[in-house]
Amino acid sequence: MHGRPRKSATPVDENASALKAAKIRSLQSQFLQNHHNKMYKSYTKEALEINAKLIEVNPEFMTAWNYRKLAFEHSLSSQSEAEKGDSDHIKSIIDEELRVVENALRKNFKSYGAWHHRKWVVSKGNSSTERELRLLNLFQKQDTRNFHAWNYRRFIAGMKSISEEKELQFTTDMINDNFSNYSAWHNRSVLLSHLLEKKVEGYFPKETFLTEEYEFVRNAVFTDPDDQSGWFYHLWLLDQTIKLDMPILASFWPPPGSDLNVPIDLDANKATFPVILYFNEPVEGVSSQTITVQTEYDIHDNITWSPLSTNKFGCALAWVTHMRIPHEELDSSKTYQVKISSEHSQGITSLSGVSLNRPWSFAFTVSVCQHLQPAEGQSLGRLSLTDENFCTIDTNLNMTALLKSAFQFTNDDEQPTSSKWKSEIIASEISQYRELLSWAECKIGKLTLARLLVAYDAMITGTQFTPSIAEEVLQLLTELMKLDPPHYQYYKDEYSLILLKQIAVILQVTSSKESLLKYCWQYKESTSLNITGPTCLRLNSLSLSRIGSIEQLLWVQSLDLSHNQLHSIEGLEALQLLSCLNLSHNKLGSFMALDPLRFLKSLRILDISHNEIGAHTVDTKRYLCSSPLSHKVAFDKNFEEFANGDAKVMDFWEPFSIFGGLNLIQLDIMGNAAVDERFVLFLVKLLPALKWLNGEELH
Amino acid sequence: MGDLAAEKHAKYILLVEKRKDDVESVLMEHLRINGAYWGLTTLDILGKLEAVEQEKVVPWVMSCQHQSGGFGGNEGHDPHLLYTLSAIQILALFDKIEVLDIDKVSSYIASLQNEDGSFSGDIWGEIDTRFSYVAICSLALLHRLDRINVEKAVKYIISCKNLDGGFGCTPGAESHAGQIFCCIGALAIMGSLHYVDKDLLGWWLCERQVKSGGLNGRPEKLPDVCYSWWVLSSLIMIDRVHWIDKEKLVKFILDCQDIEKGGISDRPDDAVDVFHTYFGVAGLSLLEYPGLKAIDPAYALPVDVVNRIFLR
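Since the model is a prediction, treat every value here as computed from it, not as a measurement.

A.B. asks: Give a detailed account of the pattern of salt bridges, specifying residues and quantitative values.
C.D. replies: All names here are of chain B. All chains considered together, the criterion is met by 44 salt bridges over all chains. Here Asp95 and Arg308 are joined by a salt bridge, their closest N and O atoms 3.7 Å apart. Placement of the pair is Asp95 in the loop between α5 (81-93) and α6 (102-110) and Arg308 in helix α14 (residues 303-310), with a sequence separation of 213 residues. Among the residues examined, Asp95 registers a relative accessible area of 35% and is labelled partly exposed. Measuring nitrogen to oxygen at the nearest pair gives 3.3 Å for the salt bridge that ties Asp103 to Arg144.

See below:
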C-alpha cells in the first residue's frame, strides 16, 4: 500500500469495499477452480475471460499468469494442421496475450508478473520490435524512472540486436529532457562499459569520450548541485580515469636491503619471521608456485602463503608466510640472503580475474639474534601502557631503515601521454569545481573537490602526499561535517583516513625528526623489550574513527591506538609483527569487531578496556567475521566441550572463537558491558598463558 | 512523535489476520503466507508471539505446500521461491522446521538454479537476484546450502553489480535498495561480502537518507518506511550504518505510526498495512530501539531464532 492517505472508513465505504471484495473473491475462486480442473484442460474462452478479469483487478496474482502460460502453450500445441501453417493465427494468440499484459500494466506498471509475462510471450518470437518500443516509449515517458520498463528495454534491445550506440543516444535524449534521471545515467554507465570493453571505435582510447562525459555530467551537477542524479556517475568517471587495470604489489615486509635480526623463541627453540605481501586490491593465487623464494639454506620446500582475511575463498589484500630458520643454524652467527620475487605472478589474480603481471623482487638478509635471555626464574612484569611509561626515542637509532617498508611504485609501464591526459583531465575538473564552490556552498562540490584533489595528488606523487593538498582536503571534510550533519560520520571516517595517510608519509619520509618523534616512542620500563620491540607507534588521542594506510605500517610491533573513536580494526590483521596493542577507550562494539586479532599470532599484550563490547544489540561485524552464520566456518564443537556446561553456548562462543587462538600474556578488558565475574573466570580458563588480567597478576 | 505504540501494533496485526471482508485483504490473498511471515515476525520482535496459536498456523502453512516441495502464497496457489522462504521462516519462528520434508523442499529450491548460477522464481523462468537471496536464505535455514553451486551463485550476483556499488535484478539493471538487500544478504550468508565495495556502496546507501530523516530506495525518490529495513540491514551487514543519522530515522518511523488504531504506513499520515508495520518495527529493532528483540539483518528473523538454528 503506497501513497494512500490514512482515513477512517465510513459505513458507506465499508459496504462498498465489502461488495467489491465479494466480487473479487468470487473471481478468485472461479479461477482457482478452473486452474485445478486440469483433467479437462479447460482453457475455455469463458475460463480465460475470468482469468483476464482477475488479472485486471489484481495484476500481482501470480498463479493467474501461470494459468495464461499453460493456456498459451496448450493452444499452440493443440493447433490443427491448417492453423499451424497460418502465421496470422499464431499472431492473434500472441496479440491477445500482449493485450492482456498491456491492460494489466495500465493498472499497475510496476507489476513484476505482467512484465515477466510479456517477456515470456515475446521470447516465443513473432512480435514486432516497433510495437514493443512504442509501448516502452509510452511507459518511459509516463514514468522516466520505472526500472521495470528500463529492464524491459534492455531485454528488447538485446533480443532485437539494437546497437549499443543507439541506446546510448536514447539515454542522451532522456538526460537532455531532464537531467534528473538516475535510471538514464545508470544505463549510460552500463552501455559505455560495454563499448569500452569491446574497444569500439570512438570509445578507445578512452580520453576523448571521457572528456565529453565529464562535461556532460558537469552540466547536470552544476545546474542543480543538490540533485543526486549525476553524483555517482561523476565518481564512476573518476574511477574510470584513475584506476589501474591490474593488481599490483603495493608494499611488503621485510624492507628491501634490510638486515633482519630474528630472536629465538626459547619455548619452541626456533626462530621464525614473517614475510608480508600487501597488494592494492584483494588477490588470489599467492603460493609457492607464483612466488619464488631464494635463500642460501634449504627452506623453500615448505613455504605456505596464507591469506590474511576471514573469507574462505583464499583471497586477501595481504598475504603472509612465516619463514623458519633451520634448527641447525640457530647457534651460528651467519647472515643469510633472502630474495623474494614474482617470476610466475600471472597466477596471482584480482577478484575480477585480472592477472598481476608487473614483475617485482626484493632482497634482505637474516641473522639469528643472540641477545641476552631473561635470567632464570625472573618473572615478566606487567607492562604499563600509560603515558608515564613512555619516553622520547633515542634518535641515534637508525629509524629510517626500520620504517622504510614501502614499495615505491612507479608508473613506468604507463604510456607517458596517457598519464598526461589523465592529470590534465583531473586538473581541469579541479578548477571547474573550485569555480562551482566560488558561487555555491554545496556539499557535492566540496566532496567532489576533495576526491579530485586526492586522486590528482596520488597521480603526481605516487605514495607521497603533498602537505598543502592534505591540509586542503582535511579542511573540506571539516566543512562537510558542519554542512551535512546527518552524514557526519562518513566525513569523519574520510578525515581519519587522510590524517593517517599524512602521518604515514611523515614516518616514511622522516624529513623532520621532530614530527617523527611525535608518533614514535620508547618504553621507559624495558623488561618487556623482547616483546614490544624498541619503539611504540603512538596514534592515540587523534580522534580517529577509522584506520587506514596499513600498507605503510607493516613494520609496527607495538601500537597505541587508545583514546580514539574506532568501532572497527579492519586492516590490523596485516600487521604480522604486532605483539603489543592498545585499543583502550575506543568504540569497539562487539567481540566480533576483534576478528582481525585472530591473525596476529605474535600478539602478547592487549588492552581493549573501556570499549562498548556487549553494549549493543546489533553487531555490525556479524557477517564480516568468521562465523557459522556466514558459512565461513562450521560451528566449533570444541566449544561445547570446553564450556562443559559452565557457560551457555550462545553467551560465550564469540569470545571463544576470538581469544581461543591467541597466546596472550597480558590482557585488559574491563570497562566493557560484556565483562562480569563469570566472563573473567571463562577467560582465565581459556587463556592458560595469561599472566596479567585487568592489572592483576594471575596465579 | 511519541513512543512506539507496541501494544496497538500487536493488536492491529492480530486483527488484520482475522479480517477477510475488505478489498485490501482480498487483494493480499495471493501472498497471504508473506503476510503471515511479516505479521508473526513483527509480533515476535514486539515480544507478543505467544498471542498466536501455533497449532493453527503450522498446519495452515503446511497446507500451502505443493507436491513439488515448494510453497504457494495460499492454499491451492502455485509454488514459488518467494513463498517457500516465508513458509520456512514461519516454521523457524516456532522452532518447527522439523515438520518439513527437508530434502524435498531443498530439492525444489535447488532445481531452480540455472547454469549461470542465477535462480528462477518458479518453473516459468523469471530470473531475479531476489530469487537468489530467497533460495540461498531458505537452503541455509535448512542446512542444505551444499545442494547448490555456491560459487556460481556468488558469481551471478557479482555480475549484477553496478557503477554505484549497488545491485539490480539482473546484469545491467539499476541499483535499488530492496535488490541490494537481497544481494548483500545472499553474499553475507555465503561468506562472500569481500566482493562488495563497502565504501562505495555505503556512500550510496547513506545518501538514501533524506531531510525528513526517512530513507528512499533510489536517488531522487520519496522516503518510505520499508527502506528502513532494506537500506539499514544492508548498511549493517557492510558495517557502514554509522554513516546515517539514526535518531532522525527513528523519528521518521515513529511519525508513520497510526497511534490510535495501530500499524505503520509508508509515510506519515498514509494508510497503514502489515508490510510497512513489519518493516517499521524491524527497522526500529535494527536501530536498537529499547524494548524490542534484536533482528538478524541477513536472515530477517529474530537473532535468537537464527542463533538457535546455526549455533548448536
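A.B. asks: Quick rundown of the domain arrangement of chain A? Include the residues and the values.
C.D. replies: All names here are of chain A. By the assigned domains, chain A splits into domain 1 (181-243), domain 2 (249-372), domain 3 (417-462 + 464-509) and domain 4 (520-697). For domain 3 versus domain 4, the separation of C-alpha centres amounts to 33 Å. Taken together, the contacts link 12 residues of domain 3 with 15 residues of domain 4. Overall, the association of domain 3 and domain 4 removes approximately 1200 Å² of surface from exposure, summing both partners, and the carbon and sulfur fraction of that is 64%. Contact with domain 4 buries surface across domain 3, with Leu497, Leu500 and Leu507 losing the most and accounting together for 40% of the total. Taken together, domain 3 and domain 4 are joined by zero salt bridges. At the junction of domain 3 with domain 4, the criterion picks out four residue pairs in polar contact (both at pLDDT 80 or more).

A.B. asks: For the interface of chain A and chain B, give the residues involved together with the corresponding values.
C.D. replies: Tallying the contact residues gives 88 residues for chain A and 94 residues for chain B. Here chain A packs against chain B, burying approximately 7900 Å² in sum over the two surfaces, 57% of which is carbon and sulfur. Viewed at the interface, chain B and chain A are joined by eight salt bridges. Between A:Arg4 and B:Glu24 there is a salt bridge, with the nearest N and O atoms lying 3.7 Å from each other. Our count for the chain A to chain B interface comes out at 46 residue pairs in polar contact (both at pLDDT 80 or more). Examining the composition of the side of chain A that touches chain B, we find that 10 residues originate from one element, helix α1 (residues 11-36) of chain A, more than from any other. Here the side of chain A that touches chain B is composed, by residue class, of 37 nonpolar, 28 polar and 23 charged.

A.B. asks: I'd love a proper account of the UniProt feature "domain: Prenyltransferase alpha-alpha toroid" (unreviewed entry) in chain B, names of residues and values included.
C.D. replies: The UniProt feature table records "domain: Prenyltransferase alpha-alpha toroid" (unreviewed entry) at residues 4-300 of chain B. Helix makes up 48% of residues 4-300 of chain B and strand 0%, with an end-to-end C-alpha separation of 20 Å.

A.B. asks: For the side chain of B:Glu29, give the residues involved together with the corresponding values.
C.D. replies: Inspection of the secondary structure puts B:Glu29 in the loop between α2 (23-27) and α3 (32-45). The exposure class assigned to B:Glu29 is buried, which follows from its relative accessible area of 16%. At 3.3 Å, the side chain of B:Glu29 forms a polar contact with the side chain of A:Arg25. Ignoring anything within four residues of it in the chain, the contact list for B:Glu29 reads A:Arg25, A:Gln28, B:Gly73, B:Asn74 and B:His77.

A.B. asks: Mind laying out the packing of α3(B) against α5(B), listing which residues take part and the relevant values?
C.D. replies: Residue and element names in this part refer to chain B. Running from N to C, α3 and α5 cross one another at 30 degrees; their axes reach a closest spacing of 9 Å. On the basis of the axis angle, α3 is roughly parallel to α5. Considering the relative orientation of α3 and α5, their crossing is left-handed. Contacts between α3 and α5 involve Ile33, Asn34, Ala36, Tyr37, Leu40, Thr41 and Asp44 from the first element and Leu82, Tyr83, Ser86, Ala87, Gln89, Ile90 and Leu93 from the second.

Parameters at a glance
- Residues numbered from 1 in each chain as written.
- Chains lettered and ligands numbered in written order.
- Predicted model: local features only at pLDDT ≥ 70, side-chain atom pairs only at ≥ 80, totals over all residues.
- Heavy atoms only, no water.
- Salt bridge = Lys/Arg side-chain N within 4 Å of Asp/Glu carboxyl O.
- Helix = DSSP H or I, 4+ residues; strand = E, 2+ residues; numbered from the N terminus.
- Buried < 20%, exposed > 50% of the residue type's maximum accessible area, 1.4 Å probe, protein only.
- Domains from an automatic or database assignment.
- Contact = heavy atoms within 4.5 Å.
- Buried area = accessible area lost by both parts, 1.4 Å probe.
- Polar contact = N/O pair within 3.5 Å; in protein donor to acceptor, adjacent residues only side chain to side chain.
- Nonpolar A, V, L, I, M, F, W, Y, C, P; charged D, E, K, R; others polar.
- UniProt positions renumbered as here; feature names shortened; annotations may be inferred.
- Axes fitted to C-alpha atoms, helices over the stretch in contact; angles between N-to-C directions.
- Parallel < 35°, antiparallel > 145°, perpendicular 65-115°, else oblique.
- Left-handed = near helix turned anticlockwise from the far one by under 90°.

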